[in-house]
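# Structural characterization, general
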Protein chains: 2
Amino acid sequence: MRKVKFIVKSCEIKTGKDNIVFISPKYANLIHVKDGEIVWIKKDENKKFGSKLYLDYRIEGNFVLIPKILMEKWDLDDGDEVEIFPVEIPNVLSAIKRKLYGKRLNEEEIFDIIKSVVNGSLSSEGIAFFVSGYTISRFSMREAYYLTKAMVETGEKIVWEDKYKPILDKHSIGGIPANRISMIIVPIVASLGYTIPKTASRAITSPAGTADAMEVLANVTFTAKEIKKIVEKTKGCIVWGGGSDLAPADDIMIRVRHILKLDPQILVLSSILSKKVAAGSEYMILELPYGPSSPKAKKLKDISTWVDRFIKLASKFGIKVYPFKIYTTEPVGKGVGPLLEARDALRVLVREEERPIDLEFKSVIMSTHLIAFAKLMDEKEALYEIREKLENKEVYKKMKEIIKAQGGDPNIKPKDLKPAKIEIEYKSKEEGYVEIIYSKDISEIARIAGAPFFKDCGIYLEKKVGDYVRKGDVLFKVYTNDEYIANVIEEELKKRKIYEIRHALSKKVKKLIDLRKKI
Amino acid sequence: MRKVKFIVKSCEIKTGKDNIVFISPKYANLIHVKDGEIVWIKKDENKKFGSKLYLDYRIEGNFVLIPKILMEKWDLDDGDEVEIFPVEIPNVLSAIKRKLYGKRLNEEEIFDIIKSVVNGSLSSEGIAFFVSGYTISRFSMREAYYLTKAMVETGEKIVWEDKYKPILDKHSIGGIPANRISMIIVPIVASLGYTIPKTASRAITSPAGTADAMEVLANVTFTAKEIKKIVEKTKGCIVWGGGSDLAPADDIMIRVRHILKLDPQILVLSSILSKKVAAGSEYMILELPYGPSSPKAKKLKDISTWVDRFIKLASKFGIKVYPFKIYTTEPVGKGVGPLLEARDALRVLVREEERPIDLEFKSVIMSTHLIAFAKLMDEKEALYEIREKLENKEVYKKMKEIIKAQGGDPNIKPKDLKPAKIEIEYKSKEEGYVEIIYSKDISEIARIAGAPFFKDCGIYLEKKVGDYVRKGDVLFKVYTNDEYIANVIEEELKKRKIYEIRHALSKKVKKLIDLRKKI
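Bear in mind the structure is a predicted one, so any value in this text is a computation, not a measurement. (Residues numbered from 1 in each chain as written. Chains lettered and ligands numbered in written order. Predicted model: local features only at pLDDT ≥ 70, side-chain atom pairs only at ≥ 80, totals over all residues. Heavy atoms only, no water.)

A separate point is a positive patch on the surface. All names here are of chain A. Taken together, the side chains of R142, R309, K312 and K316 present a region of like positive charge at the surface. At three residues, helix α12 (residues 304–316) tops the list of elements feeding residues into the positive patch. Summarising the element assignment, R309 is placed in helix α12. (Patch = residues over 30% accessible without salt bridge, like charges linked within 9 Å, V, L, I, M, F, W, Y side chains within 5 Å. Areas by Shrake-Rupley, 256 points an atom, 1.4 Å probe, with all protein chains shown as cover. Salt bridge = Lys/Arg side-chain N within 4 Å of Asp/Glu carboxyl O. Lys, Arg positive; Asp, Glu negative; His and termini not counted. Charge placed at Lys NZ, Arg CZ, Asp CG, Glu CD. Helix = DSSP H or I, 4+ residues; strand = E, 2+ residues; numbered from the N terminus.)

Once turned by 180° and shifted 0.1 Å along the axis, chain B lies on chain A with an RMSD of 0.1 Å. Taken together, the rotation and translation relating the two chain copies correspond to the operation of a two-fold axis. When C-alpha positions in chain B are compared against the rotation axis, the closest is assigned to E125 of chain B, at 2.3 Å. When you check the interface residues of chain B against chain A, 100% turn up at the interface there too, and the contact is symmetric in its surfaces. (Least-squares fit on C-alpha atoms with pLDDT ≥ 70 in both. Contact = heavy atoms within 4.5 Å.)

The next subject is the packing of aromatic side chains. All names here are of chain A. Evaluation of the coordinates by the stated rule reveals 30 aromatic pairs over all chains. Ring geometry for F49 and W74: centres 4.8 Å apart, planes at 5°, overall stacked. Here W74 lies in the loop between α2 (68–73) and β7 (81–86) and F49 lies in strand β5 (residues 47–56), a separation of 25 residues in the sequence. For F49, a relative accessible area of 14% translates into the label buried. Judged by its relative accessible area of 4%, W74 falls in the buried class. Look at F130 and Y134: their rings are 5.2 Å apart centre to centre, the planes differ by 85°, and that puts the pair in the edge-to-face class. Of this pair, F130 and Y134 both sit in helix α5 (residues 124–136), four residues apart, roughly one helical turn. (Phe/Tyr/Trp six-rings, centres within 6.5 Å; stacked < 30°, edge-to-face > 60°. Buried < 20%, exposed > 50% of the residue type's maximum accessible area, 1.4 Å probe, protein only.)

At the junction of the two partners, chain B supplies 45 residues and chain A supplies 45 residues. Of all residues in chain B, the largest losses of buried area upon contact with chain A belong to K14, F129 and L260 of chain B, amounting jointly to 15% of the total for that side. On inspection of chain B and its partner chain A, the count reaches four salt bridges. For the salt bridge of K52 of chain A with D18 of chain B, the shortest nitrogen-to-oxygen distance reads 2.6 Å. Our enumeration of links across chain B and chain A arrives at 17 residue pairs in polar contact (both at pLDDT 80 or more). Put simply, the parts of the chain that give the side of chain B that touches chain A at least two residues each are β2 (13–14), β3 (20–23), β5 (47–56), α3 (90–100), α5 (124–136), α10 (248–260) and α18 (483–495) of chain B. Sort the elements by how many residues they give to the side of chain B that touches chain A and α5 of chain B lands first, with eight residues. Across the side of chain B that touches chain A, the residue classes tally to 24 nonpolar, eight polar and 13 charged. Relative to β2 of chain B, β5 of chain A runs antiparallel, the two being bridged by two bridges. Within β2 of chain B, the residue paired with L55 of chain A across the bridge is K14 of chain B. (Buried area = accessible area lost by both parts, 1.4 Å probe. Polar contact = N/O pair within 3.5 Å; in protein donor to acceptor, adjacent residues only side chain to side chain. Nonpolar A, V, L, I, M, F, W, Y, C, P; charged D, E, K, R; others polar. Pairing = 2+ DSSP bridges.)

Let us now look at helix α11 (residues 265–278) of chain B. Taking 1.5 Å as the rise per residue, α11 of chain B with 14 residues should run 20 Å; its terminal C-alpha atoms sit 20 Å apart, in good agreement. G280 of chain B occupies a position one or two residues after α11 of chain B and carries a positive phi of about 85°. (Expected span 1.5 Å × (residues − 1).)

Right, let's talk about the confidence of the model for chain A for a bit. Per-residue confidence for chain A averages 94 on the pLDDT scale, and 99% of its residues sit at or above 70. Reported confidence for the predicted complex is 0.89 by ipTM and 0.90 by pTM. (pLDDT = per-residue confidence, 0-100.)

Our next topic: the pairing of strand β14 (residues 422–427) of chain B. The two faces of the sheet receive side chains in turn, since in a regular strand these alternate between them. All names here are of chain B. Because side chains alternate across β14, one face comprises the buried residues I422, I424 and Y426, and the other comprises E423, E425 and K427, none of which is buried. Inspection of the sheet shows β14 paired to strand β18 (residues 474–480) by six bridges, in the antiparallel sense. Within β18, the residue paired with K427 across the bridge is V474.

Now for unusual backbone geometry. With omega at 0°, the peptide bond leading from K165 of chain A into P166 of chain A counts as cis. With respect to the helices, strands and loops of the structure, P166 of chain A is situated in the loop between α6 (141–153) and β8 (168–172). The residue after A451 of chain B, namely P452 of chain B, is reached through a cis peptide bond having omega 0°. Turning to its location among the elements, P452 of chain B is positioned in the loop between α17 (439–449) and β16 (458–461). For A247 of chain B, which is not glycine, the phi dihedral falls at a positive 40°. Here A247 of chain B shows up in the loop between β10 (236–240) and α10. What makes A247 of chain B buried here is its relative accessible area of 0%. Of note, the phi angle at R351 of chain B is positive, near 65°, even though the residue is not glycine. We classify R351 of chain B as buried; its relative accessible area is 14%.

Residues and elements named next belong to chain B. Contact geometry of α5 with α10 gives a least axis separation of 10 Å together with a crossing angle of 80°. The pairing of α5 with α10 is recorded here as roughly perpendicular in orientation. Residue-level inspection shows S124, I127, A128, F130 and V131 of α5 in contact with α10, the latter providing I252, M253, R255, V256 and R257. (Axes fitted to C-alpha atoms, helices over the stretch in contact; angles between N-to-C directions. Parallel < 35°, antiparallel > 145°, perpendicular 65-115°, else oblique.)

Another point: the environment of S315 of chain A. Note that S315 of chain A resides in helix α12. Distance from S315 of chain A to E282 of chain A, taken between C-alpha atoms, is 9.4 Å for residues 33 residues apart in sequence.

Turning to the pattern of salt bridges, a few remarks are in order. If you walk through the whole model with that rule in mind, you get 92 salt bridges over all chains. As a salt-bridge pair, K362 of chain B and E287 of chain B come within 2.2 Å of each other at their nearest N and O atoms. Here the residue K362 of chain B occupies a position in helix α14 (residues 357–373), and E287 of chain B occupies one in strand β11 (residues 283–290), the gap between them amounting to 75 residues. In this structure, the salt-bridge partner of E391 of chain B is R387 of chain B, at a minimum N-O distance of 3.9 Å. Of this pair, E391 of chain B and R387 of chain B both sit in helix α15 (residues 379–391), separated by four residues, roughly a single helical turn. Taking the relative accessible area as the measure of exposure, R387 of chain B reaches 19% and is therefore buried. A single salt-bridge network, built from bridges that share partners, covers K440, D441, E444, E492, K495 and R496 of chain A.

As structure tokens, then:
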């Protein structure tokens, strides 16, 4: 219980997402802490962070070694004096235990838990117990509200001046590979003069998230302050929500959930909404892809309760949601994987012949709906304006501004984006029309190839739904940079049926393709 | 996916119970692993261990820095060559997920999970999810059997030659502070020539476990091989089960359970039994303290299902269990905390006037029952022999042998064991007979004082149940070594009612005290 001052010293150690600091064993005895314990690092009354403590015999004196990345996060400098003492959070732990046993939690309990998640005082095992509780037990909408609110309040929040309003936004429930519509919707909306600060996610189980693809063209990791500055300049941004200080609890919990791939409803609801509330969103279009190729919703009714709850919860935070249902039988666009998806988006913006029409179509339609929903224009007018701005490359010009504002090279061209060197072809064994491309298989193969970890790995779809193919035609190519993996992929491709090919297209698909031609 | 050889180098870092190794960031890129990832450290086909990987920029070349304690555990030497590559255990993770959703697991699934717990390939969050599953979901006795079996099979097992049999043992469901009967029962049984390899636990929520108290007199951390050697020499031992390689999964899971103080039935059953099965036990006396002072069982029926299941499960592993029910209204013995409890036990053995009679009584009775239960003597004969060996100090002599075999000083005397310097008295506000001493409060105060972390901290009960006290009499003393804590304790003592004092004793307590006098 003796108070000992420690001198902060940065060290070049990377510990994933773990908060770890090191002190000497002698000093650990002095302050009654053990290795592996969670301790507070306290600079002053307003600055206290939790971290796991390890002991390093190489340290002499009262130094605490803190990894550089934590120094930045906690705004500490070499030479700062801090106190170190054990974390005690019995109320938080007993609330988590009660949730595990199925009890409802109140606002204060939920806030305290989320605060502990963010300030590092709750161990990752503790977070896993909390996630378990909400995975198994029922939850009330009240709890979902408290949870979202707590996640917002324990991070930064962007407050927009009236002149930037209304704040538009877009979200997709995901599950469809490629689908890089945000990289087209954001410059469309911004080129029309409307504000759209898009916080995107990285891939969790998919071959690329919007943040991974955008990162091929520019930086995506910014603080709330930086995001605000970028958007005040360009009206739009495409940044990584998880890299910002907006609702940071979300990212910590996602990492734990990801271990078992757990998607409990309340955590998914609060995860999406907390980022949006913190970013100041007011009008949001919510993409709901469904159909045989959607791993999350084969049928609309699979997600109807979820959507109702999302809309209801969003309204409590003043966000109006427009649910956009879209029947989906294939990945959107042709490229799958960060680089190939970024190339697709650029191709649409620079109006290349090879651009994926379905990606363009969906982006245009959704932008139109979003603008009309926010009552900025009527649908017809919005559609006309969007088409014009796309054709005269004002949308592309806007994207270049955004890329530049995010620290990228605005002059990058689709041809600069070269996929990995090893190419594996997947050929058709049948003749007919492509009716379905199974997204789940495309995602899995692209991930085996190396996406999203290796940005240039992935898949390029040579044939899309509606195309007529002959036996031996190349349906898609897989790109990877490792011989061993190439062999694994060849074996995998033999085992799977990824394309559904029919003598004639179904009515539903035909209608979808016809609709696209009209716009 | 490239195979890179790493050179093992030990480092003096202590990471609690976490498996952590360090490599250079350059080499991490080369083998496609990220900081925070769980990786295999593989020496050869038979030697593979899981660890979390951190990156240290100070490391140059293909070295992997491994904490000394892990080097010993994994039997690695400086200069050894190992391979490092990512852990992938999808089957284990999906089984854990299924358990979280309430499904039953089969033998293979449970074995694979426990194997991953032991070899380090399952993250601590993954273990928390597993514990959550068994905390909330129902379990079958079949699952309890598989789990116990897996915990035994993933550790060492002691096989005893026939000349040492039968193998006796003792276990208590716990909850009563002090209660250091094992430190008397073991030398009693061993002095009669019977084998009793006692694996004890450390305190989890109590002020001291048997292992903590025994550690005041001798080492308690031994491998299965070492335990066998000690017992072959002395017939008995008192070692820390959690420090051995007997059922190591248990200790890892206890650490995670302890975060929320979770005691799910199946994990408690398998925890106790796995250690006993691995130690080769055949006849066990199971102490079941119940009554107003027992935090675990106010009434016997509170634990009757648990006891039935324990006996049933034990029988599947060939262990015969004698349930010993004992009504309890106070801590057993006078000292509470590692040193004070060890002193109590020594006082009984050396036959000091001040020795706690209740501790002696209980130890003698339980030893008698255990020996009779194993059909080694009849009860009368056993009781007579035990009394005689206690009185002529043969039991003490045996304890000295055990202390010596476990690396302690056999000549240690009760007076050598001095409690911490700051002494706080707790005085009676009433006059009458002590009817109940609340164990829960005694435990909590002793822990605040510093037990078990500081061995010399704790409580000494001046008055016990049955004693007549006047207003102002000292009921107990608290020992601590920190002024600040002393103040906290004084405040705590004001708030609590720890002694139940009555004009006359209840019949039940009177009977208990009379019984003691007869033996």
